[in-house]
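Survey of secondary and tertiary structure
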Amino acid sequence: MKKNITFLGIETSCDETAAAVITENNRGTADILSNVVSSQINEHEEFGGVVPELAARSHLEKIEYIIKKTIKESKIPLSKIDGVAATAGPGLIVCLTIGLNIGKSIAAFSEKPFIGVNHLEGHALSPGLEKKVPFPYLLLLISGGHTQFLIVKDVDKYEQIGTTIDDALGEAFDKTAKMLNLGYPGGPSVEKFSKLGDKNYFKLPEPIIGRAGCNLSFAGLKTAVLRKSKEIKDNQKLKYDLAASFQFTINKILYKKTKIAIQMFKEKTGAKKTKLIVAGGVAANKSIRENLSELSKKEGLEVIYPSVEFCGDNAAMIAWAGIQRFKKELTSKLTIPARSRWPLDEKAPFLKGPGLNLK
Ligand code: KG4
Ligand code: ZN
């Protein structure tokens, strides 16, 4: 019988210190033996955003405990683990280095293979933890640092067909929450307070909605929210209306751009049927899920969202990406560096900064 592969995964790219032990089961999905995530919400709350030095110090303080706890909970001794995977980028270098170095050390001392995982590949393959999804599929990756449409052709094979040209979607949520003083972390609080507001009260811009394929832009929307938030001052009702209008506008943008991405996916792959995967921290948002489920129904395709615990940053998805790479013999050297920028599709144009000419 084929041996089921078990990996230890470690994630410290931003503000979650996480470790997990998972095994690929006979159904081709994951048995999660342990999955420990320690969030730094309290550390960053007073600043309304992640402070890199604080995040790094917090990772350093917690990482040993988190890894020991994970291994203990998994009931698998380190000697029985087949390999170690740790996030090598993209992310904050001071944070990445902590998980990456400890992962390399564990692998070296226990004489196991090591895999430096691209965090985005972790999100991209995350639906596989719970469900076997055949390649190729269309991925909408919406997180705090990234917003992209990708054709996931296989492990290690990605084609980017759209991206944000300025802010990431999670960032737009976080900044909106900060401007409206709705609390930290921003995404979940905007979602919560949106329910109390009138989504049609403010008419907000939908940048580059009619052009640039399925590329996205949120900077103009953010500026509009800033302007309105100054006008409405501390009026609680209007704050909720603005949060609701912001989320409604996001949904309109995602609806239109995802529709274009589905068409592009079909044209590029020749596939008549496809699956849409929505992954990353923002994919936890229920109203975005309902909106994209409605679109998928109209377009006649299945949409898959990872469980909420696997949408936000976690190490189970890193261990899973590690297992999938290990099966393809894509292991890393122990010299693999941490990278702040690491696109999944290295050939994709870098669509940021002044002088962009999008049609
Ligand atoms: O994937 P993730 O945990 O970390 C990155 O790789 O960036 O995503 C974090 C982002 C944050 O911007 C957070 O505000 C957003 O995901 N987020 C949400 C929700 N939950 C988390 N955004 C909107 N609605 C939510 N319910
Ligand atoms: Zn992430």
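Anything mentioned here points back to the structure above.
Here's what I pulled together on the structure shown here.

On to helix α9 (residues 286-299), then. Between its first and last C-alpha, α9 extends 20 Å over 14 residues, near the 20 Å set by a 1.5 Å rise per residue. By the burial criterion, the buried members of α9 are Ser 287, Ile 288, Arg 289, Asn 291, Leu 292, Leu 295 and Ser 296. Regarding α9, its N-cap is Asn 285, as a side-chain oxygen of that residue lies 3.0 Å from the backbone nitrogen of Ser 287 further along.

The next point concerns the coordination of the zinc ion (ligand 2). The coordination sphere of the zinc ion (ligand 2), as far as protein atoms go, consists of His 119 (NE2), His 123 (NE2) and Asp 313 (OD), spread over 2.0 to 2.1 Å. Mapped onto the sequence, the residues coordinating the zinc ion (ligand 2) show the spacing H-x3-H-x189-D. With a gap of 194 residues between them, His 119 in helix α4 (residues 119-125) and Asp 313 in the loop between α10 (308-311) and α11 (316-327) connect regions that are remote in the sequence. Of the two residues examined, His 119 and Asp 313, each falls in the buried class.

Attention now moves to the nonpolar core. Across soluble globular proteins, you tend to see nonpolar side chains buried next to one another. Grouped together as the largest cluster of nonpolar side chains are 46 residues, with contacts concentrated most on Leu 169, Phe 246, Ile 250, Val 278 and Ile 288. Sorting the residues of this core by element identifies β6 (137-142), β7 (147-154), α5 (169-179), α6 (186-194), α7 (219-232), α8 (236-269), β9 (275-279) and α9 as the ones contributing at least two each. Here this core takes 12 residues from α8, the largest share from any one element. With near-sequence residues (within four places) excluded, Leu 169 lies in contact with Ile 142, Ser 143, Thr 147, Phe 218, Ile 250, Leu 254, Val 282 and Ile 288.

In this section: the sheet that holds strand β3 (residues 30-39). Read from one edge to the other, the open sheet built from five strands follows the order β3-β2-β1-β4-β5, with strand pairing classed as mixed. Pairing within the sheet leaves two strands with one partner each, and these edge strands are β3 and β5 (114-118). Strand after strand, the sheet turns through a mean of 20° between neighbouring axes, direction not considered. Taken together, the nine bridges between strand β2 (residues 16-24) and β3 define a ladder with antiparallel strand orientation. Across the sheet, the residue bridging to Thr 23 is Asp 31, located in β3. In the packing of helix α3 (residues 93-110) onto the sheet, the strands contacted are β1 (6-11), β4 (83-89) and β5, and the crossing angle to β4 comes to about 155°. Sheet strands touched by α11: β1, β2, β3, β4 and β5. Its angle to β2, the strand with the most contacts, is close to 45°.

Let's shift gears to unusual backbone geometry. In this chain, Gly 89 is followed by Pro 90 through a cis amide linkage whose omega measures -10°. Topologically, Pro 90 is positioned in the loop between β4 and α3. A cis amide bond links Tyr 184 to the next residue, Pro 185, at an omega of 0°. With respect to the helices and strands, Pro 185 occurs in the loop between α5 and α6. At Asn 181, a position not held by glycine, the phi torsion is positive, near 55°.

Turning our attention to the pattern of salt bridges. Applying the stated criterion to the full structure yields 19 salt bridges. As a salt-bridge pair, Lys 131 and Glu 302 come within 3.2 Å of each other at their nearest N and O atoms. Separated by 171 residues along the polypeptide, Lys 131 in the loop between α4 and β6 and Glu 302 in strand β10 (residues 302-304) bring together distant segments of the chain. Assessed through its relative accessible area of 32%, Glu 302 is described here as partly exposed. Between Lys 175 and Glu 171 there is a salt bridge whose closest N-O contact spans 3.1 Å. With Lys 175 and Glu 171 both in helix α5 and four residues apart, this pair spans about one turn of that helix. Judged by relative accessible area, Lys 175 falls into the partly exposed class, the value being 31%.

Here the focus is the environment of Ser 307. In this fold, Ser 307 is placed in the loop between β10 and α10. Sequence-wise, Ser 307 and Pro 127 are 180 residues apart; in three dimensions their C-alpha atoms are separated by 8.3 Å. With residues up to four places along the chain from it excluded, the contact list for Ser 307 reads Glu 130 and Arg 289. For Ser 307, the side chain forms a polar contact with the side chain of Glu 130, separated by 2.3 Å.

When α5 is considered as a whole, its buried residues turn out to be Leu 169, Gly 170, Ala 172, Phe 173, Thr 176 and Ala 177. Along the axis of α5, the buried residues cluster in a sector spanning 160°; they form a single face. Against the buried residues of α5 lie β6, β7, α6, α7, α8 and α9.

Moving on to the environment of Gln 247. Tracing the backbone shows Gln 247 in helix α8. On a C-alpha basis, the gap between Gln 247 and Thr 335 in space is 43 Å, while along the polypeptide they are 88 residues apart.

Quick look at the packing of α7 against α8 now. Relative orientation of the contacting elements α7 and α8 amounts to 165°, with a least axis distance of 10 Å. With respect to their mutual orientation, α7 and α8 come out roughly antiparallel. α7 and α8 meet at a crossing whose hand is right-handed. Contacts between α7 and α8 involve Leu 221, Val 225, Lys 228, Ser 229 and Ile 232 from the first element and Leu 238, Lys 239, Leu 242, Phe 246, Thr 249, Ile 250 and Ile 253 from the second. Residue composition of the contact of α7 with α8, by class: eight nonpolar, two polar and two charged.

One open sheet holds the five strands; their spatial order is β8-β7-β6-β9-β10, and the pairing between them is mixed. Across the chains shown, the open sheet's two edge strands, defined by having one partner strand only, are β8 (157-163) and β10. Going from strand to strand, the sheet's axes swing by 25° on average, the running direction of each strand aside. The pairing of β9 with β10 spans three bridges and is classified as parallel. Across the sheet, the residue bridging to Ile 277 is Ile 304, located in β10.

Calculation notes
- Residues numbered from 1 in each chain as written.
- Chains lettered and ligands numbered in written order.
- Predicted model: local features only at pLDDT ≥ 70, side-chain atom pairs only at ≥ 80, totals over all residues.
- Heavy atoms only, no water.
- Helix = DSSP H or I, 4+ residues; strand = E, 2+ residues; numbered from the N terminus.
- Expected span 1.5 Å × (residues − 1).
- Buried < 20%, exposed > 50% of the residue type's maximum accessible area, 1.4 Å probe, protein only.
- Polar contact = N/O pair within 3.5 Å; in protein donor to acceptor, adjacent residues only side chain to side chain.
- Donors = N, O, S within 2.8 Å, 3.2 Å for Na, K, Ca; no water.
- Core = buried A, V, L, I, M, F, W, Y, C linked by side-chain atoms within 4.5 Å.
- Contact = heavy atoms within 4.5 Å.
- Pairing = 2+ DSSP bridges.
- Axes fitted to C-alpha atoms, helices over the stretch in contact; angles between N-to-C directions.
- Salt bridge = Lys/Arg side-chain N within 4 Å of Asp/Glu carboxyl O.
- Arc of directions from axis to C-beta.
- Parallel < 35°, antiparallel > 145°, perpendicular 65-115°, else oblique.
- Left-handed = near helix turned anticlockwise from the far one by under 90°.
- Nonpolar A, V, L, I, M, F, W, Y, C, P; charged D, E, K, R; others polar.

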